[in-house]
Amino acid sequence: MSKGLLREQAEPAFDVIGEEHPRVDSWEKVTGEAEYAGDLDRSRLAHAVLKRSTAAHAYLEGIDTSAAEAMDGVLAVMTGEDFPVTFGSLPAGQDEHPLAQEKVRYVGEPVAAVAAVDEETARQAADRIEVSYDPLEPYTSIEGALEEADEPVHDKGYGNSDRVAALEFGDVDAAFEEAAHVREDVFFYEGNTHVPLETHSALAQWERGRERIHLWASTQCPHTVHRVLADALDLPERKVHVHANTIGGGFGGKVDVFPHQLVVAKLSQLLERPVAITLTREEVFYTHRGRHPVLMWIKSGVDEDGRLLATDFKSFLDGGAYASLGAATTYYTGALQALTYRLPNYRFRGMRLNTNKPPCGPKRGHGAPQPRYAQELHMTRLADDLGLDPVELRRRNFTGPDEVTTNYLEITTNGLAECVERVLEASGWAEKRGSLPEGRGVGFAVSSFYSGAGEPTYWNDMPHSEVQIKVDRSGAITAFSGAAEVGQGSDSILADIVAEVFGQRPEDINLVVADSDETPVDLGSYASRVTLMMGNAARDAAEKALQPILEAAADELDVPSDELVAEDYRVYPEGDPEAGLDFEDAVELAENEQGLVGAVGNYTPPEKLGDFPGSGVGPSPAYSFSATVVEVDVDTETGEVDVEQVWMAHDVGRALNPMSVEGQVEGSVYMGLSEAMLEEQTFFDDGLHRKPNLLDYKTLTPQQMPDVESLLVETDDPRGPFGAKEAGQGPLLPIPPAFADAIDDAVGVRIDETPVTPRKVLQALDGRHVGPEDVPDADYPDATHVEVPDDAKQGLR
Amino acid sequence: MSTQSDTALSIRVNGEARSLRVPPHATLLQVIREELGLTGTNHACELGECGACTVLLDGEPTLSCLTLAHEAEGKEVTTVEGLGDEDPHPLQEAFVEEGAAQCGYCTSGMLLTAAHFLEDHDDPDRDAIEDAISGNLCRCTGYTKIVDAIELTARGEYE
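Residues numbered from 1 in each chain as written. Chains lettered and ligands numbered in written order. Predicted model: local features only at pLDDT ≥ 70, side-chain atom pairs only at ≥ 80, totals over all residues. Heavy atoms only, no water.

**Comments concerning the overall build of chain A**
So, step 1. Within chain A one finds 21 helices and 29 strands.
So, step 2. A globule of 797 residues ought to have a C-alpha radius of gyration of about 28 Å, and chain A, at 27 Å, matches this closely.
So, step 3. Projected onto its principal axes, the C-alpha positions of chain A cover 80 × 75 × 50 Å.
So, step 4. In chain A, which comprises 797 residues, the proportion classed as buried is 67%.
So, step 5. By sequence separation, contacts in chain A at least 24 residues apart represent 80% of the contacts at least 6 residues apart.
So, step 6. Put simply, chain A shows about 27000 Å² of open surface, and 43% of that area lies on carbon and sulfur atoms.
So, step 7. Computed over 66 positive and 142 negative side-chain charges, the separation of the two mean positions in chain A equals 3 Å. (Helix = DSSP H or I, 4+ residues; strand = E, 2+ residues; numbered from the N terminus. Rg over C-alpha atoms; globule rule 2.2 N^0.38 Å. Buried < 20%, exposed > 50% of the residue type's maximum accessible area, 1.4 Å probe, protein only. Contact = heavy atoms within 4.5 Å. Areas by Shrake-Rupley, 256 points an atom, 1.4 Å probe, with all protein chains shown as cover. Lys, Arg positive; Asp, Glu negative; His and termini not counted. Charge placed at Lys NZ, Arg CZ, Asp CG, Glu CD.)

**With respect to a negative patch on the surface**
All names here are of chain B.
So, step 1. Where like charges cluster on the molecular surface, the negative patch consists of Asp58, Glu60, Glu119, Asp120, Asp122, Asp123, Asp125, Asp127 and Asp131.
So, step 2. Within the secondary structure, glutamate 119 sits in helix H3 (residues 107-119).
So, step 3. A relative accessible area of 60% places glutamate 119 in the exposed class. (Patch = residues over 30% accessible without salt bridge, like charges linked within 9 Å, V, L, I, M, F, W, Y side chains within 5 Å. Salt bridge = Lys/Arg side-chain N within 4 Å of Asp/Glu carboxyl O.)

**Considerations on the environment of Val16(A)**
So, step 1. Tracing the chain through its elements places Val16(A) in the segment before helix H1 (26-30).
So, step 2. Taking relative accessible area as the criterion, Val16(A) reaches 1% and is therefore assigned buried.

**A look at helix H3 (residues 119-127) of chain A**
All names here are of chain A.
So, step 1. Of the residues making up H3, those classed as buried are Thr121, Ala122, Ala125 and Ala126. For H3, the angular spread of the buried residues around the axis is 135°, confining them to a single face.
So, step 2. If you follow the buried residues of H3, they end up packed against strand S1 (46-52), helix H2 (66-69), strand S3 (74-79) and strand S5 (110-116).
So, step 3. Capping the start of H3 is the job of one residue whose side-chain oxygen sits 3.4 Å from the backbone nitrogen of glutamate 120: aspartate 118. (Arc of directions from axis to C-beta. Polar contact = N/O pair within 3.5 Å; in protein donor to acceptor, adjacent residues only side chain to side chain.)

**Regarding the sheet that holds strand S22 (residues 564-567) of chain A**
All names here are of chain A.
So, step 1. Strand order across the open sheet formed by three strands is S22-S23-S24, with antiparallel pairing between neighbours. Whereas interior strands pair on both sides, the edge strands pair on one side only; in this sheet they are S22 and strand S24 (581-582).
So, step 2. Across two bridges, the pairing between strand S23 (residues 570-573) and S24 is antiparallel. Along S24, the bridge assignment pairs arginine 570 with aspartate 582.
So, step 3. Packed onto the sheet, helix H16 (residues 530-557) meets S22, S23 and S24 and runs at close to 120° relative to S22. (Pairing = 2+ DSSP bridges. Axes fitted to C-alpha atoms, helices over the stretch in contact; angles between N-to-C directions.)

**Focus on the sheet that holds strand S3 (residues 54-57) of chain B**
Residues and elements named next belong to chain B.
So, step 1. Taken in spatial order, the five strands of this open sheet run S2-S1-S5-S3-S4, and their pairing is mixed. Edge positions in the sheet fall to strand S2 (16-22) and strand S4 (60-63), since each has one partner strand and no second. Strand-to-strand twist of the sheet, defined as the mean angle between neighbouring strand axes without regard to direction, takes the value 40°.
So, step 2. Bridge count between strand S1 (residues 7-13) and S2: seven bridges; the pairing is antiparallel. Opposite leucine 9, over in S2, you have leucine 20 as the bridge partner.
So, step 3. Its contacts with the sheet put helix H1 (residues 28-35) on S1, S2, S3 and strand S5 (76-78), and the angle it makes with S2 is roughly 105°.
So, step 4. Set on the sheet, H3 makes contact with S3, S4 and S5; between it and S3 the angle comes to about 40°.

**Here we look at the pairing of S1(A)**
Residue and element names in this part refer to chain A.
So, step 1. For S1, a buried count of six out of seven residues is recorded, marking the element as mostly surrounded by other parts of the structure.
So, step 2. Two strands pair when backbone bridges link them, and S1 and S5 are joined in this way by six bridges, in the antiparallel orientation. Bridge pairing links lysine 51 to alanine 112 in S5.

**With respect to the interface of chain B and chain A**
So, step 1. Chain B puts 46 residues into the contact, and the matching count from chain A is 53 residues.
So, step 2. Of the roughly 3900 Å² buried between chain B and chain A, counting both surfaces, carbon and sulfur atoms make up 56%.
So, step 3. Area buried by chain B at its contact with chain A is led by Val96(B), Gln102(B) and Arg139(B), which between them contribute 22% of it.
So, step 4. Remark: the boundary between chain B and chain A carries four salt bridges.
So, step 5. Between Arg33(B) and Asp39(A) there is a salt bridge; the shortest N-O distance is 2.8 Å.
So, step 6. Taken together, the links from chain B to chain A amount to 23 residue pairs in polar contact (both at pLDDT 80 or more).
So, step 7. Those elements that place two or more of their residues in the side of chain B that touches chain A are helix H2 (90-98), H3, helix H4 (126-132) and helix H5 (144-154) of chain B.
So, step 8. Tallying contributions element by element places H2(B) first for the side of chain B that touches chain A, with six residues.
So, step 9. Along the lines of polarity and charge, the residues of the side of chain B that touches chain A split into 20 nonpolar, 14 polar and 12 charged. (Buried area = accessible area lost by both parts, 1.4 Å probe. Nonpolar A, V, L, I, M, F, W, Y, C, P; charged D, E, K, R; others polar.)

**Quick word on the nonpolar core**
So, step 1. Core analysis: the biggest nonpolar cluster contains 152 residues, and Val632(A), Phe739(A), Ile743(A) and Phe95(B) have the highest contact counts within it.
So, step 2. In this view, Phe739(A) contacts Val630(A), Val632(A), Val641(A), Val643(A), Leu673(A), Ala676(A), Met677(A) and Val756(A); residues no more than four positions away in its chain are not counted. (Core = buried A, V, L, I, M, F, W, Y, C linked by side-chain atoms within 4.5 Å.)

**Some remarks on the state of the cysteines**
All names here are of chain B.
So, step 1. A complete count under the given rule lists zero disulfides over all chains for this structure.
So, step 2. Not engaged in a disulfide, the cysteine cysteine 50 finds its nearest cysteine sulfur in cysteine 45; these two sulfurs lie 3.7 Å apart.
So, step 3. Classification of cysteine 50 by relative accessible area gives buried; the value is 2%.
So, step 4. Sulfur of cysteine 65: no disulfide; nearest cysteine sulfur belongs to cysteine 53 and is 3.7 Å away.
So, step 5. Residue classification places cysteine 65 among the buried positions, given a relative accessible area of 11%. (Disulfide = S-S within 2.5 Å.)

**Describing helix H17 (residues 583-594) of chain A**
Residues and elements named next belong to chain A.
So, step 1. Over its 12 residues, H17 extends 16 Å from the first C-alpha to the last, a length consistent with the 16 Å expected when each residue adds 1.5 Å.
So, step 2. Among all positions of H17, only Phe583, Ala586, Val587, Ala590 and Glu591 are buried. Taken down its axis, H17 places every buried residue within 140° of arc, on the same side.
So, step 3. At the exit of H17 stands glycine 595, carrying a positive phi of roughly 85°. (Expected span 1.5 Å × (residues − 1).)

**Quick look at the packing of aromatic side chains**
Residue and element names in this part refer to chain A.
So, step 1. Tallied over the full model, the rule gives 17 aromatic pairs over all chains.
So, step 2. Residues phenylalanine 169 and phenylalanine 612 carry aromatic rings whose centres are separated by 5.1 Å and whose planes lie at 80° to one another, so their mutual orientation is edge-to-face. Placement of the pair is phenylalanine 169 in strand S7 (residues 161-169) and phenylalanine 612 in the loop between strand S25 (597-603) and strand S26 (623-634), with a sequence separation of 443 residues.
So, step 3. Accessibility expressed as a relative area gives 2% for phenylalanine 169, which makes it buried.
So, step 4. With relative accessibility at 11%, the residue phenylalanine 612 sits in the buried group.
So, step 5. Aromatic rings pair up to connect Phe169, Tyr346, Tyr408 and Phe612 into one cluster. (Phe/Tyr/Trp six-rings, centres within 6.5 Å; stacked < 30°, edge-to-face > 60°.)

**Here we look at the pattern of salt bridges**
All names here are of chain A.
So, step 1. According to the stated counting rule, one finds 58 salt bridges over all chains in the structure shown.
So, step 2. The closest approach of N and O atoms between arginine 529 and aspartate 522, which form a salt bridge, is 2.7 Å.
So, step 3. Judged by relative accessible area, which is 2%, aspartate 522 ranks as buried.

Function cannot be inferred from these measures alone, as they are strictly geometric.
Next up, the structure:
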């Protein structure tokens with residue numbers, strides 16, 4: 001199934017690792033047994049519904065809850081006055097409230113909450129709450145938010161500017177002076193949203209006797225929810241228990257802490273009974289935290305051979321009403337450009353603006369797909385300017401393995417060049433580019449992504465992932481991890497790694513996951529971090545837990561422990577299974593010897609190399625690399641584009657389970673194409689969402705989804721567990737620019753904004769420029785000058 | 001959900017006769033999930049746009065979020081919990097083996113839609129399979145492995 005692993009000859013002998021096998025959670029998912037948060041029930045369960053703002057930007061004049069309170073079956077009605085709390089998922093981003101305080105900032109913002117004996121009653125009661133607004137002019141665009149106005153979205157003292165980055169590595173202006181050719185382009189990447197099929201759910205239960213709050217939720221980051229919930233309820237963290245249920249899709253949309261989670265916890269505490277909430281699909285569109293719309297300007301100077309000398313990049317992020325993880329997003333729009341290409345002199349200026357729309361946040365690829373679109377299309381146009389092949393121009397500028405980028409990212413393995421070779425060969429690029437019949441074309445793009453964020457989500461020096469293993473006299477192995485299974489396969493990675501170490505099958509490893517009472521800390525399922533970080537912690541714990549078992553067996557068998565292996569549910573001298581012991585007998589010996597067998601494992605990423613504002617965004621233990629070719633057929637009458645096939649080569653370090661990795665690659669290709677072709681979260685001028693439902697918000701259908709050939713490149717990263725790097729986000733990034741590039745090859749039009757819809761294709765065919773003309777003038781602070789790492793480290797010498 | 005206007009409802013669910021009293025406006029999805037506790041059928045859009053709530057009603061794929069429970073009076077409802085007999089349905093086996101379920105939220109609707117489709121399509125090509133599942137959204141897989149699993153089941157690779 002996995003089409004040709006690159007380094008099969010060097011494959012070490014693994015049993016589970018590298019083998020295609022079903023995920024450990026697949027049976028519960030095909031039988032309906034998987035338990036999502038919305039499936040939970042409790043005796044005396046009350047149901048909550050949120051009253052949401054109908055104004056985009058307004059002062060709250062008054063909230064009349066009397067009619068709601070008078071209803072039979074209503075247990076409590078709460079407004080912002082009853083829960084005056086400010087919170088945020090990141091330390092740099094504490095600007096949100098569970099229920100609006102004084103002011104509302106987007107249509108759909110929670111204003112009040114009702115708890116009732118059933119959901120229907122709660123909904124009717126919420127409808128009877130009367131909210132009066134004193135409206136303000138809403139900001140709904142980047143340009144609008146930049147204009148001087150009396151009343152910004154937040155009163156932070158910088159107008160609507162939420163976050164500004166200004167960095168210069170090397171001497172950009174001087175390098176432009178040396179350039180043989182200079183080019184600049186402007187692009188716009190439209191915002192879109194995750195649409196996880198499961199809408200958000202949470203159930204809170206106040207435990208009277210011990211005065212603890214329990215929260216079961218669809219969250220990718222139970223640890224963040226734990227910390228923020230403790231703050232919001234003013235409880236010590238030990239009084240808070242958070243459990244992440246099976247999650248019906250996240251894609252970054254369930255990374256944040258949300259008002260509805262805090263509200264049900266507060267209501268449960270108030271009522272001393274369990275309270276649940278499940279958002280409607282429409283509410284999920286308002287809850288959002290999805291892809292930021294980003295306006296970008298990129299200017300590059302190259303020498304006569306096409307080597308990049310100077311790069312200048314600006315991004316304007318339309319952040320919506322609140323910070324979410326936008327501080328990180330802002331820096332991510334500038335952090336990865338120098339990871340794919342060597343940029344000896346690089347200036348990055350970014351600005352995130354608050355607008356009166358649902359908050360944007362992390363969506364698969366977090367802050368990187370937008371600049372990827374700009375940089376890749378820009379590179380192809382630079383090549384055209386110079387009369388160079390677009391692949392060749394890129395090759396001359398690729399980063400390599402074992403180097404440090406201009407912005408101090410440390411690359412270990414780098415399979416970019418190999419990815420390109422594989423994808424060009426498989427797609428027949430050389431025969432197709434510029435040579436297919438009119439209307440058909442191929443596009444190309446490359447990318448790179450991080451395998452976990454090197455810095456934690458809050459300042460501390462503790463491990464990012466911790467795993468516990470217990471092995472008892474029954475021979476049962478149980479692994480405890482705080483990582484959340486969001487559909488990406490995290491449970492299976494945990495089981496696979498532990499099974500590999502103990503010589504057993506993944507389905508025989510018992511798992512306890514994503515529960516703050518029962519499992520050690522894991523920072524969560526975001527930033528493509530779980531396989532690498534949780535995987536390393538799991539391997540660490542498993543190897544430590546196996547050791548006393550090997551030693552006890554060594555005593556019994558009178559063989560040195562380092563000559564013993566755990567394989568096939570036995571412990572035996574390597575090469576002589578008959579001479580050994582059954583695994584549970586060896587465990588019993590160990591338990592006789594030392595008591596309960598178990599161990600903990602930890603993973604802390606390496607320290608970042610840079611020390612400048614924003615230097616915490618971008619560092620990762622390892623980076624994945626991707627190259628793609630997209631083939632399209634454009635109907636010049638209708639502007640419709642059929643995607644014929646996608647070839648995606650991805651350097652995953654090592655495919656722990658190739659079937660699962662392919663699933664991540666195919667899913668990334670799908671999501672990238674869907675947002676390149678049709679997904680857009682857009683608003684009317686008054687801040688009203690244009691399409692908060694799945695009929696109007698289009699996603700790619702099975703008929704539109706092309707065949708995908710996944711080419712897995714293995715580079716065996718020394719920092720990954722068994723060499724593995726990420727696969728869940730990286731392959732999304734090159735898809736949108738490759739799609740646009742393919743249309744250019746097919747019909748000779750350049751489209752400088754997403755989504756690339758049939759209407760835009762027709763406009764472009766009609767000779768019109770599709771995309772932004774310019775970026776606004778913005779008042780940036782002076783860039784922080786950062787000396788670049790020396791040439792040798794950068795791979796320039 | 002119970003109110004004074006509740007009326008009697010008799011249905012067969014996964015082969016078992018069930019008699020309930022439900023309000024006239026209750027949807028089949030609400031009854032399946034909340035009254036019968038069969039949470040394998042999922043709620044995702046409430047508007048018939050995503051297919052996650054698909055069940056079989058007298059063998060026909062039906063969006064339970066858009067169907068009043070009383071429309072099912074006297075009928076046989078099959079949910080994912082009732083798919084297959086003593087052994088799992090071959091499609092369940094195929095979805096497991098081919099990696100067709102990631103988050104799993106669309107899976108029950110996909111399985112029921114596909115099970116009905118395969119009843120009268122012995123040898124469908126991929127286009128026909130894609131048409132058959134076009135009312136069922138999936139955000140994880142890109143549909144690739146779902147179509148693989150259905151295709152291989154149709155070819156008899158899973159029994």
